[in-house]
Structures are given as C-alpha cells and as structure tokens.
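# Fold and geometry: a report
Chain by chain, the residues run as shown.
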Amino acid sequence: MNEQKAFPGNGGEHYVPYEERTGEESVVYFTRDLSKEGLRRIFERVGANMEGRVGIKLHTGEQNGPNIIPRPWVEELIQKDIPQASIVETNTYYEGDRYTTEQHRKTLEVNGWTFCPVDIMDEDGTVFLPVKGGKWFTEMSMGKNILNYDSLLVLTHFKGHQVGGFGGSNKNIGIGCADGRVGKAMIHTTPGSDDMWDIQKEEFMERMTESAKAVVDHFGEHITFVNVLRNMSVSCDCEGTAAMPVVTPNIGIVASLDILAADQASVDLVYALNPGDHSDLVERMETRHGLRQLTYMKELGMGNDRYRLIDIDHEDALISPKEAVKDVKPFAKEQ
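So, here's what we can say about the structure.

Rules and cut-offs
- Residues numbered from 1 in each chain as written.
- Predicted model: local features only at pLDDT ≥ 70, side-chain atom pairs only at ≥ 80, totals over all residues.
- Heavy atoms only, no water.
- Helix = DSSP H or I, 4+ residues; strand = E, 2+ residues; numbered from the N terminus.
- Buried < 20%, exposed > 50% of the residue type's maximum accessible area, 1.4 Å probe, protein only.
- Phe/Tyr/Trp six-rings, centres within 6.5 Å; stacked < 30°, edge-to-face > 60°.
- Lys NZ or Arg CZ within 6 Å of the ring centre and 35° of its normal.

## With respect to unusual backbone geometry
For K201, which is not glycine, the phi torsion reads 50 degrees and is therefore positive. As for its position among the elements, K201 is in helix 6 (residues 201-219). Classification of K201 as partly exposed rests on a relative accessible area of 41%. The backbone of H289 sits at a positive phi, close to 60 degrees, despite the residue not being glycine. Of note, H289 is situated in the loop between helix 8 (275-287) and helix 9 (292-299). By relative accessible area, H289 is classed as buried at 15%.

See the structure below:
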C-alpha cells in the first residue's frame, strides 16, 4: 500500500475524441468474423510473443452465464495454436459460484471449461507484484501461480460492468489476477469499511489499473491482448444469468500488443455505433466514470490511446472505427 495521501483524478465520464488525443500510435487489428476461425486469424497477428508456458486469462463466468466467450472458440484456439496453454483464473471477492476453489471448479465443469488445464492461481496462496509509478499501491496481491507462466494471453469478453463501466483487457487482469481475498479487497474496499464495494468511480478505475499495470510489467514483451465485442450486456459476466439483456450490436474482435490501444479501440468502436445502438452501454461507461481507465493507463505509460486500425478482413486496409461498424446489424440472439 502506498502510504502517501492519494487523490483520484477526474473526467471518467468524459469521452475523449480521437482528434483530441496526442502521442504515438500503436497497431490494433480488427475482424468482423465472430467465430472460432476469426479468433484464430486475429490471434495469429499478435501471438508471436507467446513463448514458454502460456497462461490464457479469460472470464470463465458464473454457472450457465449466457454471454461469455464461446467455449468451442477457445478450445480450438488452444488445440491448434497454443496446445500447452492453461486457462488461468482467481477466486472471487463476493460469495457466489466461484468464491472458493471447490465452488470455482464445479462452475468450470458446469460451463464446459474441461478441455485443458485451468489454474486457479490463488488456490495455493498469493504473491505481491510491484506496482511501478502507482499512487494508490506500491505492490498488488496476486494469485501465486501467476509466477508459473512465461507469457499471458489476455482474452477478454468486452462488455459493460456494474462498477467499472466497462470490462476490457484492463479489468480482465486488474481484477482477474488479483487474488480473491487480499488483492480484490485492496481494489474494492477502504480498510475498515462495512461496505465491500465502497470504492467507486475514478478511484476504483485507478486502483484497478495499477493492479493491471503490475501484471503488464511482470510479463513485459510476453503479453498480448484480444477483446471480443460480442453479446455486450451492460452487465459483467460475473452477474451470470442475472445479467441485463443484450441490446448492443455485435461488432467483432480487436487485438493488439498494447493494452491501452486494445481497450481504447474497443470503446471507440462502441461510440462509433449509431446512438440508438450504443446508448445503454455508453450510459453505463459514463455514469460509472469508467473512461478514467483509459486516461489513467495513459498517465501510467501503459500504452497509446492513438492507433492504426487494421482491417484483416480486407487486405489489411487502414480503417476508422466508424467504417468498421458501418454494416453492423441490430443484436439478435444466436440460435
């Protein structure tokens, strides 16, 4: 914990248009192909740095959750491209289907995550990873088994979030690698508070982002980010079958070696939709001040909020988010 008095930034309810951003540009790949083939094709563009023992951090969901990344997509990716990989997760801070390791393993079985090893990283204890340049933390408590991996694929179902506004790569590792009892409490709860969710808005975004930075720094050049913009409820996958109905159209998949560029491009694609299509998800982002995730990642030097969006469906054409979503169709539940 950082003992100096810290104060949260502001502006988490304000979307910064591309033309108002400054700095270098990163590369973000994009496909409209929401399928196991599309996932494999886009992973090929960013997967060369996956060496040694590979962990795949994804949200495996509460029991029978309707919106998680389809299991067959992940199964084919692992079997054909990274056969020695393990899915990695941690237990939850709240009491539910994944609160204890025993409950978590039962939920993994119910949801079909049985085709490869699944490492619940805090099953055997915790480890502190340094937070470089943070104002809330100097270190973050993680599941100890994170130390067993040489590379990390952050495979994220992009969606809304009750507290974070949206859940992208930053939330996936910032919350998802912090252990269920100590690390997640450091992010969510003021010590001594009776309300386990009392930290919200900009302060929550900053704490979560500092946790994510510890993970990004730990893996260095051997971490990559893939966001799947499909079944984007305003609710997180942690709400399972209680999640709000999906109304935002499916968009596609983005991938980058830059965590900020991946999440920024995902947010930009949502904002580029027609207002009637994006209003619910944008409202969730802005009312929770979730856009502070992006500006704080930039302040911490975690990446670039400017990028070149490469359309891998059309010979690597350089496109804008508006061009990427021009043909999206209203959301319809898959049969």
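After that view, the rundown keeps rolling.
## Details of the packing of aromatic side chains
Aromatic ring pairs are reported here in terms of the distance separating the ring centres and the angle at which the planes meet. Following the criterion strictly, the structure yields 5 aromatic pairs and no others. Taken together, a centroid distance of 5.6 Å and an interplanar angle of 90 degrees make the contact between Y18 and Y307 edge-to-face. Of the two residues, Y18 sits in the segment before strand 1 (25-31) while Y307 sits in strand 12 (residues 306-311), which places them 289 residues apart along the sequence. Classification of Y18 by relative accessible area gives partly exposed; the value is 26%. The exposure class assigned to Y307 is buried, which follows from its relative accessible area of 5%. Looking at R181, its charged tip hangs above the ring of Y99, at a distance of 3.8 Å from the centre. Note that R230 overlies the ring of W73, its terminal NZ or CZ placed 5.4 Å from the centroid.

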